[in-house]
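Breakdown of the fold
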Amino acid sequence: MKIKLSAIVMILILVFSCSDENTGNKVKAVYNLIKPSAGIYEVFAKNVDKDKIKGNFYEKQIFENNRLVKIERYNKKGDLTDGLFVPAITVFEYDKDGKVKFVRYLDKNGNAANTPQFGYSVIEYVYGPDGKVIMEIYRDKNFNLLNVPRDENGNIKNIDFISPVLVYLYNGGKLKIKAFDKNFNLIKETEGDKPCIPFIDCGE
């Protein structure tokens, strides 16, 4: 029995339509106008209509079921760009409890890429029983823990860097932060602010 090609195409369309409907996965894109500013880009117009992005630097935030899963950054020509002090793409992966487990940075070609200032490509978050972040782990594009910059004598250089492992200890209203190198040697201990997720609840 022969089936016309148009009938097959129609069946495939119906199958894929039903599959999307059955998953209940709601995808939404939000466009923000951005501009380079002091070593990072600045968002100066949020949630603009798509027809406003032409001729502007912009970011496209992609949400699935109201969760931010990806940010893509574009230049004025509408091409993905790594030229805004950060790799072109940021991807967010969530754990079974709906908390961000990994933040990954990719270049415009979709390859793992290090952030230019501190050299990390992946941030991993570990949570305690109460849902608070108790550890952040920073890795490069090869998924290796970051190196702490040291001079030829083994002393830590006096430059800005991010420790590969940060541990957060909550004690009432005070938060103690312990910084470790890739071998889990303690390099610094201080009090500070609660950890946050870039582009979600940080000011970044």
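Residues numbered from 1 in each chain as written. Predicted model: local features only at pLDDT ≥ 70, side-chain atom pairs only at ≥ 80, totals over all residues. Heavy atoms only, no water.

**Focus: the overall build of the chain**
If you tally the helices and strands in the chain, you get one helix and 11 strands. In the chain, the succession of α and β elements from N to C terminus is α-β-β-β-β-β-β-β-β-β-β-β. A buried classification covers 35% of the 204 residues belonging to the chain. Pairs at least 24 apart in sequence give 36% of the contacts found in the chain among residues at least 6 apart. Per element, the accessible surface of the chain, about 13,200 Å² overall, is 50% carbon and sulfur. (Helix = DSSP H or I, 4+ residues; strand = E, 2+ residues; numbered from the N terminus. Buried < 20%, exposed > 50% of the residue type's maximum accessible area, 1.4 Å probe, protein only. Contact = heavy atoms within 4.5 Å. Areas by Shrake-Rupley, 256 points an atom, 1.4 Å probe, with all protein chains shown as cover.)

**Regarding the pairing of strand β9 (residues 165–171)**
As paired elements, strand β8 (residues 133–139) and β9 share three bridges and run antiparallel to each other. Bridging across to β9, Met135 finds its partner in Val167. Direction of pairing for β9 relative to strand β10 (residues 174–180): antiparallel, over a ladder of seven bridges. Bridging across to β10, Val165 finds its partner in Phe180. The loop that links β9 with its antiparallel partner β10 comprises two residues; one of these, Gly172, has a positive phi angle of about 65 degrees. (Pairing = 2+ DSSP bridges.)

Just geometry here; none of it tells us what the structure is for.
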